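Single-letter residue listing:
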Amino acid sequence: SFSLGPFMAPAQPSLVPLHDLALGVPARVAEIRGGRQLVRRLMALGVRVGSEIRVLQHRGSGLVVSLGDTRVALGGGVVDKLSVEPLTRHAVPEAS
């Protein structure tokens, strides 16, 4: 694993991959595992470390998320690079 300096928060046990976050649960973006170009692209959409985010809809491997009043569609490749810190309990669906 490599560090991207200011773009990444220290690893914490409470982090979950964005694609595992339950629908509607508020979370804070804790880590973006990508290069400067991806970080810049996400920042232009309002996604940055510290942003509050909610998953609204699953679309294949991608997600539709909300950031405040803004809705953004993220592709699966981008979703895989984001880790979040849930702001409530029961943020990850129970395994069936």
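Residues numbered from 1 in each chain as written. Predicted model: local features only at pLDDT ≥ 70, side-chain atom pairs only at ≥ 80, totals over all residues. Heavy atoms only, no water.

Counting residues in hydrophobic clusters, the biggest one holds 23 residues, and the most contacted among them are Leu18, Leu21, Leu42, Ile53, Val65, Leu74 and Leu82. Elements that contribute at least two residues to this core include exactly strand E2 (27–32), helix H1 (36–45), strand E3 (52–59), strand E4 (62–67), strand E5 (70–74), helix H2 (76–79) and strand E6 (82–86). Among all residues touching Leu82, those that are not within four sequence positions of it are Val16, Pro17, Leu18, Glu31, Ile32, Arg33, Leu42, Val47 and Leu74. (Core = buried A, V, L, I, M, F, W, Y, C linked by side-chain atoms within 4.5 Å. Buried < 20%, exposed > 50% of the residue type's maximum accessible area, 1.4 Å probe, protein only. Helix = DSSP H or I, 4+ residues; strand = E, 2+ residues; numbered from the N terminus. Contact = heavy atoms within 4.5 Å.)

Moving on to the side chain of Ser83. Within the secondary structure layout, Ser83 lies in strand E6. For Ser83, the residues in contact, after removing those within four places along its chain, are Leu15, Val16, Pro17, Leu18, Arg28, Val29, Ala30, Glu31 and Arg33.

With that settled, the discussion passes to the pattern of salt bridges. Using the criterion set out here, one finds one salt bridge in the structure. The shortest N-O distance in the salt bridge between Arg33 and Glu31 comes to 2.9 Å. According to the relative accessible area criterion, Arg33 is partly exposed, its value standing at 32%. Since its relative accessible area comes to 11%, Glu31 is described here as buried. (Salt bridge = Lys/Arg side-chain N within 4 Å of Asp/Glu carboxyl O.)

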